[in-house]
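Here's the letter readout for the chains.
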Amino acid sequence: MANVIGIKDINSFHLDVLKEIGNIGAGNAATALAKMLDKRIDMKVPQIRVMKFSEVSDVLGGAEIEVVGILLGVQGDITGKILFVLDMRSATILVNILMGKNVDEELVFDDITRSALQEVGNILAGSYLSALSNLTNLRIMADVPYLAIDMAGAILSVPAIEFGKNSDMVLYIENEFIYGTDSVIGDFFLVPDEISYGRLLSALGVA
Amino acid sequence: MAEIIRVGMADLKVANHPAILTTLGLGSCVGITLYDKKKKIIGMVHIMLPNSRIATASSNKAKFADTGIMELLEQMLALGANKKDLVAKMAGGAQMFAFEGTNESMKIGQRNSEAAKMILQNLGIPLVGEDTGGSHGRTIELHSEDGRLMVKTIGYGIKYI
């Protein structure tokens, strides 16, 4: 069947294209984040992670580390999930900058903090997807963001489970945002449903 | 010191006494454990989905409650466990993100727990401990010494079931 590329069919050329998608999407998102914070934001070269489920929980340096996860559904011509993960320190810095407070001030997870973090998720996902949409001419948009503060493994398993229905592997397009010299702000994961890889790649003329 | 053996997502392990089986950061996934009270043989499976029928293709039995528990039981028996001496415990099955509405795929945690319970019941293995549901992650540790299952959370403390 045309247009249906499973994870196991993905070759190194496809990976390069997906990496470029990550670059363009995250570049746009980093610019939006920099504007929002009025700070310089850099990003690392995106990583395409194709892995077994048993490896998923260690992606963020340990399954039990407490993190903030902001999850958005992706709708339109491609479907999937976007997950933005911040460690607690980064979440604190981010919210404090947004609120105009001292960056070291202790973070209280009240409604205001939660909605600030959701808004960050909204803006990042929106700018990432609009870049992706322009590039591919596909209609892609994000749903409302949801927030969870818990173990990294538990949060990363949410998009992984979607893959589990059809595949024994999971594919994440990961971007790290950097603030200041080298403090990581967060990891941004685009996790298209398996069927959407084929659509993404063929929209770019490589499938 | 008992050896600590890690069980990953969609993974299963069995071990003879003395051993500790652990799986970290269960979210909607469910960790199901079996314990042979007499021989102190332990087993753990970390399932992601309730039913292998919903999958289009898979070679990994440990991914699903139905095939995962069956495979776990078989490997326990192969190690010398007796089915009549087995007791089960389970933890996980949370809903990590508070999705609204009735989107079925978002209630996967609850469905995982229900499926696991039904399979254990069909197999006639008593479920003697359970910590499922809620919206928080769990790390679990099964000790061969006495079959106790430690459930560790962020913000909800540690308990033994």
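Please read these numbers as outputs of a predicted model, since none were measured by experiment.

Visitor: Go over the pairing of strand 5 (residues 42–47) of chain B, please, and point to the residues and values.
Guide: Residues and elements named next belong to chain B. For strand 5, the tally of buried residues reaches six of six residues, placing the bulk of the element in the interior. Neither face of strand 5 is left uncovered, since the one carrying Ile42, Met44 and His46 and the one carrying Gly43, Val45 and Ile47 both have all their residues buried. Judged from the five bridges that link them, strand 2 (residues 11–15) and strand 5 form a sheet pairing that is antiparallel. Bridge pairing links Val14 to Gly43 in strand 5. In this sheet, strand 5 lies alongside strand 4 (residues 30–36) in antiparallel orientation, the contact comprising six bridges. Paired with Gly31 across the strands is His46, a residue of strand 5. The turn linking strand 4 back onto strand 5 is made up of five residues, and Lys40 within it adopts a positive phi angle of 60 degrees.

Visitor: With reference to specific residues and values, describe the packing of aromatic side chains.
Guide: All names here are of chain A. Going through the model one piece at a time under the given rule, you end up with four aromatic pairs over all chains. With a centroid separation of 6.1 Å and 50 degrees between ring planes, the pair formed by Phe84 and Phe188 is classed as tilted. Remark: Phe188 occurs in strand 8 (residues 183–192) and Phe84 occurs in strand 4 (residues 80–87); sequence separation between them is 104 residues. Considered together, Phe84 and Phe188 belong to a single accessibility category, that of buried residues. Their ring planes at 20 degrees and their centres at 4.6 Å tell us that Tyr128 and Phe188 sit as a pair that is stacked. Taken as a pair, Tyr128 in helix 4 (residues 111–136) and Phe188 in strand 8 lie far apart in primary sequence, 60 residues in all. The two residues Tyr128 and Phe188 agree in class, both being buried.

Visitor: Describe in detail the pattern of salt bridges, supporting the description with residues and values.
Guide: One pass over the structure, following the stated rule, counts 12 salt bridges over all chains. The partner of Asp42 of chain A in a salt bridge is Arg40 of chain A, with the nearest N and O atoms 3.2 Å apart. We classify Asp42 of chain A as partly exposed; its relative accessible area is 29%. Take Arg40 of chain A: its relative accessible area is 64%, and that puts it in the exposed class. Because the salt bridges share partners, they merge into one network encompassing Lys38, Lys84 and Asp85 of chain B.

Visitor: Quick one: what's the story with the interface of chain A and chain B, residue by residue and with numbers?
Guide: Across the boundary between the two partners, chain A contributes 31 residues, which contact 37 residues of chain B. Between chain A and chain B the total buried area reaches about 2600 Å² when both faces are included, carbon and sulfur atoms providing 65% of it. A per-residue breakdown of the area chain A buries against chain B is headed by Tyr146, Ile161 and Lys165 of chain A, which together make up 24% of the total. Between the two partners, chain A and chain B, sit one salt bridge. For Glu64 of chain A, the salt bridge is made with Lys152 of chain B, and the minimal N-O distance between the two is 3.3 Å. Remark: the boundary between chain A and chain B carries five residue pairs in polar contact (both at pLDDT 80 or more). Residue assignment for the side of chain A that touches chain B shows that the elements contributing at least two residues are helix 2 (53–56), strand 3 (66–76), strand 4, strand 6 (146–151) and helix 5 (152–164) of chain A. Among the elements that take part in the side of chain A that touches chain B, helix 5 of chain A stands out by supplying nine residues, more than any other.

Reading the values: rules and limits
Residues numbered from 1 in each chain as written. Chains lettered and ligands numbered in written order. Predicted model: local features only at pLDDT ≥ 70, side-chain atom pairs only at ≥ 80, totals over all residues. Heavy atoms only, no water. Buried < 20%, exposed > 50% of the residue type's maximum accessible area, 1.4 Å probe, protein only. Helix = DSSP H or I, 4+ residues; strand = E, 2+ residues; numbered from the N terminus. Pairing = 2+ DSSP bridges. Phe/Tyr/Trp six-rings, centres within 6.5 Å; stacked < 30°, edge-to-face > 60°. Salt bridge = Lys/Arg side-chain N within 4 Å of Asp/Glu carboxyl O. Contact = heavy atoms within 4.5 Å. Buried area = accessible area lost by both parts, 1.4 Å probe. Polar contact = N/O pair within 3.5 Å; in protein donor to acceptor, adjacent residues only side chain to side chain.

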